[in-house]
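# Coordinates in review
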Amino acid sequence: MTTFPAVSAAGALAIRSENLSRHYRMGETLIRAVDGVSLEIRPGEFVALLGTSGSGKSSVLNLIAGLDRPTCGSVVVQDRDLAKLSREELAKYRLHVVGMVFQSFNLIATMTLAENVELPLRFAEVDRGRREPLAHEALERVGLGARVNHRPSELSGGEQQRAALARALINRPKLLLADEPTGNLDSHTGTEIMDLVREFNQQLGMTVVMVTHERALAERYAQRMIILADGKLVDDRPNNPGASHSSGRGGQS
Amino acid sequence: MKLPDLTELALRNLRESLLRNSLTTIGISVGVASLVAMLSLGTGLQQLFSRRLAKSGLFDTVIVSSRREIRGMGREDRSGPAPGESRILDEPARQEIERLPNVLEAYPDIRFVTELRYEDKPHLTMISALPASAKSNDGFEGMQGNFFSSETSAEAILQKSFAEELLGRTPALGATEPNVADLAKPLLGKELTMRYAQRVPAPAQAVPLRPIEASSPDDNLAGASYSVISRELKLKIVGVSDLDPESMRGPMRAKVFLPLKLTESLHVMQPTDLREIAHTIDEPVYSSLSVRVKNPAQIQGIEDAIKKMGFNTFSILDASRSLQQVFRVLFAFLGIFGSLALTVASIGIVNTLVMAILERRREIGIMKAIGASDADIKKLFFAEAGAMGILGGIVGVVLGWAIGQVINFGTNIYLKSQSVPPEHFWAVPLWLVGFAILFAFLVSLISGLYPAGRAAKLDPVQALRYE
């Protein structure tokens, strides 16, 4: 399998997977959702995982996120071999190393935005007094400073995704994992969210792995595109987002 | 997650499905209420019996009887010396007992049945002697009139039911409790004539039985045997007591009380005298002595010391010991029945929490995705179970207390209709409040065990896929 520019900087990889596989058994049939994927991602990279639905891109993301465990192979993130971590250690890893955003925003409906955003801080046992300013700061950053006490149902999809981004940011993780972040948004709002993601990538130096099936979106924002089909890595190539044909905001920052 | 955060989140989650969680909590309340009701009934009954025992004045009293006496008070102590070697309960023995450390006094228990005339009508009743110390006894708190002016004065205190009898009032069924003050008014200061049989040391020849007007019998006669003389004594009624004639106090079942020294000097023929016929009359032999102790805590030691001297003893300890046994069993039974409802309620908790897991599957998935550990999720469900337990416990205690009050009230209405004095069957002591809430909390935590474990094991990928 071909690997691209990252190889030279092997010692300082953000993510490295080797022969990563995740198989499910569905009745009699064995489903190879992820089937021997090896890849290396350097710190600060903005990578898009592309593929049709069922290609295994979300499964790879879940494995990197530590939400799932590989059937075989390994995935090492920030020097942690996730397959070897205990459930407790995986939870700590998700808490401190990874920030996640989802297609369906996944905010807790019964909590206000501020409470949603500070929830990871509760799990991290951050003092009550420090949590609120941090949550407000994160919400300010995504432009929701005025809506801290609203519930998710009172907000638009774009605003909910911004809040989800603020929550992903709150523990200052090294890695932002986005699973179809614009899938439930119109293109204009989607662009706004993607601009924010790029801002995190460039200003905070977060490594971004984004799962999407929209090639155009990947081309506009990602520095590298990894294409999956049937659980296998079929293409891995660099992309110059600045050179995108689009006249959108993609090229401005 | 820290406890305040857990509590806050748990309460928030409980509020979110208010109806379901309220119903579950009410279930716990009913369980706790039944437990509290049962145990308060047990406690109340125990306290009622303890009060009865305390009223008996036996708390600081040991009753001493000779082992020779076949009909001893209470249980015979068979570990002691055989009846043959046992001592006679005479004056030297009394003095010896009185010299024991921590003994206030040892006085003979004198009682006899005799005839009293009031306004020329004879009344047969039991008379008992009271030491001066009985004045401070709580049994005489509700007395009308005064206590004896001296240990030797010819005065009598009446038990209220005897006062009723003297006044010719028979308590009608359903009538209210007689007012002691009303009874005392016409009687205080009036005169009673007591006819009694005096035991007189005498030469062998018989003394004719004839009434003698005597207020201070002469007992200087000496002799190995005695004869019996019928005498009369005028007594002034100085008080009417509301003392319960059924109480276990020394003057058990007695309805008229006389000063101890006076009674002793009368040498009234007592039923036990027949058996002590061999003894000289100068040396009084007592059927039983009441020994008062300085401090109820010292009763056991004094009882042991007296037993060593060769006498039988009986005290509140013996009575309360067997009573405690009975109450321990009663408590266990009431507790088991009371806990049944709580057990049912705990199944309700399991049900509610399992439902909550199904409903909040996605939420649990989100929490795990953003970094919640299995322990965090487990603790959250435990906190919800525990919060329901504590809330249910508090409401249940209040409910149980209210049920108790209602039943107590109802029972007393019935008792009143049966002309029995009202009683307190119900007691919710502080320990029971604490215990009930703690118990509800623990039962809830145990109920939360399975749901919490299940929630913690939820696969986040599956949970998030679930739409």
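Quick look at the structure, then. (Residues numbered from 1 in each chain as written. Chains lettered and ligands numbered in written order. Predicted model: local features only at pLDDT ≥ 70, side-chain atom pairs only at ≥ 80, totals over all residues.)

Across its full length, chain A holds seven helices and ten strands. The buried share among the 253 residues of chain A stands at 49%. Residue pairs in contact within chain A that sit at least 24 positions apart in sequence constitute 69% of those at least 6 positions apart. (Helix = DSSP H or I, 4+ residues; strand = E, 2+ residues; numbered from the N terminus. Buried ≥ 20, exposed ≤ 12 C-beta atoms within 10 Å, placed from the backbone. Contact = placed C-beta atoms within 7 Å.)

The partner chain B presents 17 residues to the 18 residues of chain A that form the contact. Mapped by element, the contributors of at least two residues to the side of chain A that touches chain B are α2 (87-96) and α3 (113-123) of chain A. For the side of chain A that touches chain B, the element with the most residues is α2(A), which contributes five residues. Residues of the side of chain A that touches chain B, tallied by class, amount to eight nonpolar, three polar and seven charged. (Nonpolar A, V, L, I, M, F, W, Y, C, P; charged D, E, K, R; others polar.)

Okay, the packing of helix α4 (residues 128-141) of chain A against helix α5 (residues 157-169) of chain A next. Residues and elements named next belong to chain A. Running from amino to carboxyl end, α4 crosses α5 at an angle of 130 degrees, the nearest separation of the two axes being 9 Å. One finds that α4 runs oblique with respect to α5. Like other packed secondary-structure pairs, α4 and α5 cross with a definite hand, here right-handed. Taking contact as the criterion, the partners of Ala 138, Leu 139 and Arg 141 in α4 are, on α5, Ala 163, Ala 166 and Leu 169. Of the residues that constitute the contact of α4 with α5, the class distribution is five nonpolar, no polar and one charged. (Axes fitted to C-alpha atoms, helices over the stretch in contact; angles between N-to-C directions. Parallel < 35°, antiparallel > 145°, perpendicular 65-115°, else oblique. Left-handed = near helix turned anticlockwise from the far one by under 90°.)

What follows deals with the pairing of strand β4 (residues 121-130) of chain B. Residues and elements named next belong to chain B. Sheet topology note: the strand β3 (residues 111-118)/β4 ladder contains eight bridges and is antiparallel. Bridge pairing links Leu 116 to His 123 in β4. The hairpin formed by β3 and β4 contains two residues between the paired strands, and Glu 119 there has a positive phi angle of roughly 50 degrees. Bridge count between β4 and strand β10 (residues 256-259): four bridges; the pairing is parallel. Bridge pairing links Leu 130 to Pro 259 in β10. (Pairing = 2+ DSSP bridges.)

Moving on, we come to the environment of Leu260(B). Considering the arrangement of structural elements, one finds Leu260(B) in helix α6 (residues 260-266). Along the primary structure Leu260(B) and Ala129(B) are separated by 131 residues, whereas in three dimensions their C-alpha atoms are 4.6 Å apart.

On to the nonpolar core. In this structure, Leu49(A), Ile64(A), Leu139(A), Ala166(A), Leu177(A) and Val36(B) are the most contacted members of the largest nonpolar core, which totals 128 residues. Here the element with the most residues in this core is helix α2 (residues 18-55) of chain B; it accounts for eleven residues. Leave out the neighbours within four places in its chain, and Ile64(A) touches Ile15(A), Val75(A), Val77(A), Leu177(A) and Val209(A). In terms of nonpolar packing, the next biggest core, distinct from the first, is built from 53 residues, Ile97(B), Ile237(B), Ile302(B) and Phe314(B) among them. (Core = buried A, V, L, I, M, F, W, Y, C linked by C-beta atoms within 7 Å.)

Moving on: the sheet that holds strand β12 (residues 311-315) of chain B. All names here are of chain B. Strand order in the open sheet formed by four strands is β2-β11-β1-β12, and the pairing between neighbours is antiparallel. Strand pairing shows two members of the sheet lacking a second neighbour, β2 (103-108) and β12, which therefore form its edges. Along the sheet, successive strands turn relative to each other by an average axial angle of 25 degrees, direction set aside. Direction of pairing for strand β1 (residues 61-66) relative to strand β11 (residues 288-293): antiparallel, over a ladder of five bridges. Opposite Val 62, over in β11, you have Val 291 as the bridge partner. Against the sheet, helix α3 (residues 91-99) contacts β1, β2 and β11, and its axis sits at roughly 160 degrees relative to β2.

Residue and element names in this part refer to chain B. Within helix α5 (residues 180-187), the full set of buried residues consists of Leu 183, Ala 184 and Leu 187. For α5, the buried positions fall inside an angular range of 95 degrees around the axis, keeping them on one side. Among the exposed residues of α5, those pointing more than 90 degrees away from its buried face are Ala 181 and Pro 186. Once α5 finishes, Gly 189 follows within two positions and takes phi at roughly 85 degrees, a positive value. (Arc of directions from axis to C-beta.)

Residues and elements named next belong to chain A. The contact between α3 and α4 brings their axes to 9 Å, and the two run at 115 degrees. You can see that α3 and α4 cross each other, and the crossing is right-handed. Contacts from Leu 113, Ala 114, Val 117, Glu 118 and Leu 121 of α3 reach α4 at Arg 131, Glu 132, Leu 134, Ala 135, His 136, Ala 138 and Leu 139. Considering only residue class, the contact of α3 with α4 consists of eight nonpolar, one polar and three charged.

Here the focus is the pairing of strand β1 (residues 15-26) of chain A. All names here are of chain A. Here β1 pairs with strand β4 (residues 72-77) via five bridges, running antiparallel. For Ser 17, the partnering residue across the bridge sits in β4 and is Val 75. Bridge analysis of β1 against strand β2 (residues 29-41) gives ten bridges, and the strand direction is antiparallel. Across the sheet, the residue bridging to Arg 16 is Glu 40, located in β2.

Moving on: the sheet that holds strand β8 (residues 207-212) of chain A. Residue and element names in this part refer to chain A. Across the sheet, six strands lie side by side as β6-β7-β8-β3-β9-β10; this open sheet has mixed pairing. Since the sheet does not close on itself, it has two edges, and those belong to β6 (98-101) and β10 (232-238), each with one partner. Across the sheet, the mean angle from the axis of one strand to that of its neighbour is 15 degrees, orientation sign disregarded. Pairing geometry for strand β3 (residues 46-50) and strand β9 (residues 224-229), over four bridges, is parallel. Looking at β9, one finds that Ala 48 is bridged to Met 225. Where α5 meets the sheet, its contacts fall on β6 and β7 (175-179), and the angle it forms with β6 comes to roughly 170 degrees.

Attention now goes to the environment of Ile336(B). Mapped onto the elements of the fold, Ile336(B) is located in helix α8 (residues 316-359). The spacing of Ile336(B) and Leu39(B) is 297 residues in sequence and 9.8 Å in space, taken between C-alpha atoms.

For the rest of this paragraph, the subject is the environment of Thr52(A). Position of Thr52(A) among the secondary structure elements: in the loop between β3 and α1 (57-65). Put simply, Thr52(A) and Ile227(A) are 175 residues apart on the chain and 9.2 Å apart in space, counted from C-alpha to C-alpha.

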